[in-house]
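Secondary and tertiary structure notes
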Amino acid sequence: MSAAAAPTVRLPGIAPLLLLGAVAIMGGLIILPLLAVFHDAFAKGLQAFFAALKEPDALAAIRLTLLVAAISVPLNAVFGVAAAWAIAKFEFKGKSLLLTLIDLPFSISPVVSGLVWVLLFGAQGFFGEWLMDHDLKIIFALPGLVLATILVTFPFVARELIPLMQDQGSDEEAAALTLGAGGFTTFWKITLPNIRWALLYGVLLCNARAMGEFGAVSVVSGHIRGETNTLPLHVEVLYNDYEYVGAFAAASILASLGLLTLILKTALEWRHAGELGARRRH
Amino acid sequence: MTDLSLNPNAKAGGAPRPRLVRWREPSILPGFGLSLGVTITYLSVIVLIPLIGLAIRPWELGLAGVWRTLTDERVAAALNLSFSLSAYAALLNAVFGLLIAWVLVRYDFPGRRLLDAIVDMPFALPTAVAGIALTALYAPTGPLGALAEKVGLKTAYSPLGIFIALVFIGLPFVVRAVQPVLQDLDREVEEAAQTLGASDWQRIVHVVFPALAPALISGVTLAFARAVGEYGSVVFIAGNMPMKTEIAPLLIVIKLEQYDYAGAAAVGLAMVIISFGALILINTVQLLLARRGRR
């Protein structure tokens, strides 16, 4: 990786200084805040920590978070595979526009990603009255949380798969089809094994964002304790009520999820580098 | 799915005959109609229709009403704060990101891979968690906040606090943009420069930096775009005082709470348009730069 003996520029004279600078930046911005979460979660001892997590509202928030992710992530994964198949295996007009549109949700503020659903389905939204007449609830209920989460995590799987499948081409699939395999068999036996690690990678990132999403979900949730609060919203509610141990205890669960994601992601990058998209190879 | 298995021999041999302009190349692979259909339907339902709703809604106020909403003191202050702090944060991240990428690529030290992995933490850590953690550290009662107070700096609950959160959220974009380019940099070019008698600093300024510039710009742009819309990691540390530390996304939330849908949509639409404008502008600059570099 880094050059062995070749004379690349390294600035040996100020190397310790640069290294120190990098560590200081990472320490102050990333490592210390992470430690602070766990420190404050256990500030009043183990018992207070577990008591905070055993509260019915906390448990309801954890259940809701898992449920929202369990609906949104598979939908985005199926979409990601379909989009990657269409884009990587075929040549058609308007492809680059399609790619741009798929990436679009990444450049939209999470708050706007929640706002658009309120504009459609909120009390004064386009379909607000119709929904009210039919006694259907989307905003301040589970469907709204799911829609907001799906929009925010929309591109994750697709953008992992598209570059990889473009690299891989379609020779293997063509060979299988020529030998008489059906379309579905070809996908199942050839394509899926070829993309499985990248798919897992995308699902991992998608899931982390889905479970940790705050802004978009905050707009559509209504913050009803025990009902429409996901875990990140539960953190907010407790924090604003000055219940710091509870807030940081819940936050430490989310931070652990982030750490776990990072570990799995790094493991995938190290062990299956060749089977991830080129820009993921370290 | 009859149109899916087009004749694979269409290209090979045979006299060229006039044909209708095709919108896609023939392929023996199946599933084009199905996969593209799923893609476009899902994209429309989840992304396009909602965004069209966003684009339509503000205009029920009329052009004058939208203008009044956006030039309202409080809204203008929030938009100004969000965009300018995001730009400053992205610029500082250019320096921080270069430094960290440089250290990760050019030096070997114990813990390098760990440091490398931790760079992605702001991507993986839920924003609300980052928000309360940064606040705990940088509030006057926190260790770093107390330290800053001794030298007369108020960090949390001030624009500086927002700035810190935006630097946090943007850092990985720059590192991850620059790092692969720095890694793949052609060593021979650097060697050639050295053979010709260039000093280390000359080589950095004239060889390494120009090669990194396009990646650096794109990383900084991504960091900027992310910072403009960032909500979770900012609202806790900001203090949210109207006119002073209120960011644009928060204003959307406030307007929604007052059932001012059209006003919220106007602010949202303005944010989307300004950030896209900035993205297009910077992409153009980058394209020109890349073209100049090739000459």
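What you are looking at is a predicted structure, and each value in this text was computed from that prediction instead of being measured.

**Overview of the overall build of chain A**
Within chain A, the regular secondary structure consists of 13 helices and zero strands. When the helices and strands of chain A are read in sequence order from the N terminus, they spell out α-α-α-α-α-α-α-α-α-α-α-α-α. Counting every position in chain A, which comprises 282 residues, the buried fraction comes to 46%. Here the analysis covers contacts within chain A between residues at least 6 apart in sequence; of these, 74% occur between residues at least 24 apart.

**Points about the interface of chain A and chain B**
Tallying the contact residues gives 80 residues for chain A and 82 residues for chain B. Taken together, the residues of the side of chain A that touches chain B break down into 57 nonpolar, 15 polar and eight charged.

**Concerning helix α5 (residues 110–121) of chain A**
All names here are of chain A. Between the first and last C-alpha of α5 there are 17 Å, a value that for twelve residues agrees with the 16 Å anticipated at 1.5 Å per step. The element α5 is largely enclosed, with a buried count of twelve among its twelve residues. The complete set of buried residues in α5 reads P110, V111, V112, S113, G114, L115, V116, W117, V118, L119, L120 and F121.

**Description of the confidence of the model for chain A**
Mean pLDDT over chain A works out to 92, with 96% of the residues at or above the 70 mark. In this model, residues 1–5 of chain A is a region of pLDDT below 50 whose contacts with residues beyond four sequence positions or in other chains number five contacts.

**Comments concerning helix α8 (residues 159–184) of chain B**
Given a rise of 1.5 Å per residue, 26 residues ought to cover 38 Å, and the 38 Å separating the end C-alpha atoms of α8(B) matches this to within 8%. Helix geometry: α8(B) is bent most strongly at B:G170, by close to 35 degrees, with proline B:P172 lying one to four residues after it.

**Looking at the packing of α5(A) against helix α7 (residues 142–153) of chain A**
All names here are of chain A. With their axes 9 Å apart at the nearest point, α5 and α7 run at an angle of 135 degrees to one another. Taken together, the axis directions place α5 and α7 in an arrangement best described as oblique. Between α5 and α7 lies a crossing whose hand is right-handed. Touching P110, S113, G114, W117 and F121 of α5 are G144, L147, A148, L151 and V152, all from α7. Here the residues of the contact of α5 with α7 sort into seven nonpolar, three polar and no charged.

Parameters at a glance
- Residues numbered from 1 in each chain as written.
- Chains lettered and ligands numbered in written order.
- Predicted model: local features only at pLDDT ≥ 70, side-chain atom pairs only at ≥ 80, totals over all residues.
- Helix = DSSP H or I, 4+ residues; strand = E, 2+ residues; numbered from the N terminus.
- Buried ≥ 20, exposed ≤ 12 C-beta atoms within 10 Å, placed from the backbone.
- Contact = placed C-beta atoms within 7 Å.
- Nonpolar A, V, L, I, M, F, W, Y, C, P; charged D, E, K, R; others polar.
- Expected span 1.5 Å × (residues − 1).
- pLDDT = per-residue confidence, 0-100.
- Bend = angle between axes of the 7 residues up to and from the residue.
- Axes fitted to C-alpha atoms, helices over the stretch in contact; angles between N-to-C directions.
- Parallel < 35°, antiparallel > 145°, perpendicular 65-115°, else oblique.
- Left-handed = near helix turned anticlockwise from the far one by under 90°.

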